Each structure stands twice: as structure tokens, then as C-alpha cells.
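Spelled out, the chains give:
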Amino acid sequence: MLKDFIALTKPRIIRLNLIAGFGGFWVASKWDIDWLLLLYMLIGSGLTMASSCVINNYWDREMDQKMERTRDRATAAGRISPNVVLWYGIILGIAGVIILFTLVNPLTGWLGLTGMFVYIVIYTMWLKRTSTWSTSIGGVSGAMPPVIGYCAVTNTVDAGAFILFALLFLWQPPHFWSLSIRRVEEYRAAGFPLLPVVKGIGRTKLQMIPYVLLLIPSGLALFYFGHVGMVYLIITLLLGAVWFIHTLLGMNAPDTEKWAKTNFIISINYLMVTFLVMVLNTSWT
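Residues numbered from 1 in each chain as written. Predicted model: local features only at pLDDT ≥ 70, side-chain atom pairs only at ≥ 80, totals over all residues. Heavy atoms only, no water.

**Student:** Looking at this structure, how should I read the nonpolar core?
**Tutor:** Within soluble globular proteins, side chains that are nonpolar generally end up buried alongside one another. If you look at the biggest cluster of nonpolar residues, it comprises 51 residues, and the most contacted ones within it are Leu167, Leu168, Trp171, Leu222 and Met278. Secondary structure elements with two or more residues in this core: α2 (11–29), α3 (35–59), α6 (82–104), α9 (144–154), α10 (159–182), α13 (201–224), α14 (230–249) and α15 (256–280). If we ignore the near neighbours within four places in the chain, the residues touching Leu167 are Leu215, Ser218, Gly219, Leu222, Tyr232, Tyr270 and Met278. (Core = buried A, V, L, I, M, F, W, Y, C linked by side-chain atoms within 4.5 Å. Buried < 20%, exposed > 50% of the residue type's maximum accessible area, 1.4 Å probe, protein only. Helix = DSSP H or I, 4+ residues; strand = E, 2+ residues; numbered from the N terminus. Contact = heavy atoms within 4.5 Å.)

Written out as C-alpha cells, the structure is:
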């Protein structure tokens, strides 16, 4: 039972986003770290993300039964009562928002609430069931963690916050579309109008290209504004070029399944390595 409650929070998603939140905090701190504030930020933002994921599981439980990848979730399989799941998600969210508002700063609290609203209401309840734009617009919520981390320190939204937002916002669609291409028939059977389901795999591959391409100047901007050093610039440009070239090759890939799997792996490594180097090569002043 405990394992099911943990799984409802989608730990892998939270882990990736907490790395991004940590990176945003570190960049803003410039090595002068308030460790207690960092802890509060990670706990508060982690709880708001967990809340969003739990309520997403609650709302999608019937559609999850139609997909092999999700039919064993506790909500889809009926191992936990829907009402229990809903209240679990609400309590996590309230706790996270309170921590952000009171122990970090009100700005991060509002950012956390915005991320929750977009993910739960705009993405889960509305666009995921009605529009191919769900992935792109839903990316607003996924781009909040590094901004929350950054604003926990600065208590203001400036160029650095916008750049970090852009990095995560642009990263998400090609990352998720790589997965949805591989699972397109499952999403079709479940009734989710994702881009590869509605417009086809070829159109999805094409639409991934500008997102990956725009990641390159976004990484450059972080260096330009003095947040990171030359090592970060070189590595992010190299990683961006590798991902962009591989995405381009997808247009004529003989094995779409294999290409999509590799592209998905590249996207995860891009995010993890980029933020790791961002932390290590953060400017001191």
C-alpha cells in the first residue's frame, strides 16, 4: 500500500524537476547557499508537484485502464479508493503551498499555485482530453521548478528566471513526444488527442525540431547574462547540437521506434547533464 501511495506521486518526474529546482536555486545563489532555505524550497515545490501528479492520477484513472503503461496504477487498478487519492493530493498540495508561502517567500508560493493550476485544470482536466496543444501549454507547469528555485533566492522575476523557464518549457514537448510516438496506439485507444494521434508521427517529428533548436540560444542566454561560465556554454551547445541533429535524422529514420527511444534517452540526459554542469559552473559573482 505504501508503495502505491509513493507511486501516485510519480517519483521519477519529481526527481527530474527537483534537480531543475536545485539548479535554479544554485544559479541564483552564486555559491552563497542558504541550506535551510534550499531545503524548504525543495520540500515545498516537491509537495506541490506530488499533489499535481496524484490528482492527475485521480482524474485519469478510467482512461489509464485502457493503456498498458498505466493500467496497473493504483487508481486504475482500484487498489486505492478515488476519494482517498483525491484527498491525498489535496493535502499534499496544501502542505506544499503553505511551506512555499511561509518558509520560502510569497512569490514562490504563487509560482507553485500557478504550476498546480496549469497542470491540474488546464492540462489534466481540459486540454489533455480536447487538444493537441496539451503538451505545449502543459509545459508551463513543468517549467516552474527551476523558476521557483531561482526566485526562492532572488524574490523577483528577472531575465535569469525567464531563461530557466524557457529551458524547461522548450525541453518538455520533444521529450514527451518521443515517448508518445512509441506509445501512439495506446494513447489512441485511451482517447487522448495527442499530436501523433491526431496529426500523425511525421508531423510530430517535424514539430519537435523548432523546440530543440530554440534550446540552443536559451542555453547561450544563461551564459550571456553572466549566470554560468564557459564550461556550461560549451557543454550545453554540444548537447543541444547532438539532440538537434538526432531530431533532424528522425524525419528519415528507417526505424521510428528505435529512433524515438534514443531521442527520449537523449532528452533525459540533456536535462540532467545541463543542470549538473549549470550547478558546477555557476558564476561566483
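**Student:** How should I be thinking about the environment of Glu186 in this particular structure?
**Tutor:** Inspection of the secondary structure puts Glu186 in helix α11 (residues 184–190). Residues contacting Glu186, with those up to four places away along its chain left out, are Met67, Glu68 and Arg69.

**Student:** I keep staring at unusual backbone geometry and nothing clicks. Help me out?
**Tutor:** What is expected of a backbone is that most residues other than glycine have negative phi and most peptide bonds are trans. Non-glycine residue Trp31 carries a positive phi angle of around 75 degrees. Its place among the elements puts Trp31 in the loop between α2 and α3. For Trp31, a relative accessible area of 28% gives the class partly exposed. A positive phi is found at Asn155, a non-glycine position, where the angle reads about 55 degrees.

**Student:** Quick question: what am I supposed to make of the environment of Leu195 here?
**Tutor:** Examined against the element boundaries, Leu195 turns out to sit in helix α12 (residues 195–198). Residue Leu195 is classed as buried on the basis of its relative accessible area, which comes to 2%. Distance from Leu195 to Ser134, taken between C-alpha atoms, is 8.8 Å for residues 61 residues apart in sequence. Those residues in contact with Leu195 that sit more than four places away from it in its chain are Thr132, Trp177, Gly200, Thr204 and Gln207.

**Student:** Explain a nonpolar patch on the surface to me, please; I cannot follow it from the model alone.
**Tutor:** Side chains of Trp59, Phe117, Val121, Met125 and Trp126 sit close together on the surface and give an oily, nonpolar patch of about 480 Å² of accessible area. Per-element accounting of the nonpolar patch gives the leading share, 4 residues, to helix α7 (residues 106–130). The residue Trp59 is located in helix α3 in this model. Exposure remark for Trp59: the relative accessible area of 36% places this residue in the partly exposed category. (Patch = residues over 30% accessible without salt bridge, like charges linked within 9 Å, V, L, I, M, F, W, Y side chains within 5 Å. Areas by Shrake-Rupley, 256 points an atom, 1.4 Å probe, with all protein chains shown as cover. Salt bridge = Lys/Arg side-chain N within 4 Å of Asp/Glu carboxyl O.)

**Student:** Explanation requested: the packing of aromatic side chains in the structure shown.
**Tutor:** Throughout the structure, instances matching the rule amount to 14 aromatic pairs. When the ring of Trp31 is compared with that of Trp284, the centres are 4.9 Å apart and the planes differ by 10 degrees; the resulting orientation is stacked. Here the residue Trp31 occupies a position in the loop between α2 and α3, and Trp284 occupies one in the segment after α15, the gap between them amounting to 253 residues. Ring geometry for Trp243 and Tyr270: centres 5.4 Å apart, planes at 45 degrees, overall tilted. Note that Trp243 is positioned in helix α14 and Tyr270 in helix α15, a separation of 27 residues in sequence. A single burial state applies to Trp243 and to Tyr270, both of which are buried. Three or more aromatic residues joined by ring pairs make a cluster, and in this case those are Phe22, Trp26, Trp31, Trp35 and Trp284. One residue, Arg61, lies across the ring of Tyr58, its end atom 4.4 Å from the ring centre. Taking NZ or CZ as reference, Lys128 lies 4.8 Å from the ring centre of Phe192, over its face. (Phe/Tyr/Trp six-rings, centres within 6.5 Å; stacked < 30°, edge-to-face > 60°. Lys NZ or Arg CZ within 6 Å of the ring centre and 35° of its normal.)

**Student:** How should helix α8 (residues 134–142) be read in this particular structure?
**Tutor:** An α-helical segment advances 3.6 residues per turn. Residues three or four places apart therefore align on the same side. Among the 9 residues that make up α8, 7 are buried, leaving the element largely enclosed by the rest of the structure. Structurally, α8 contributes buried residues whose contacts are with α2, α7, α9, α10 and α13.

Functional significance is not addressed by these values, which are geometric in nature.
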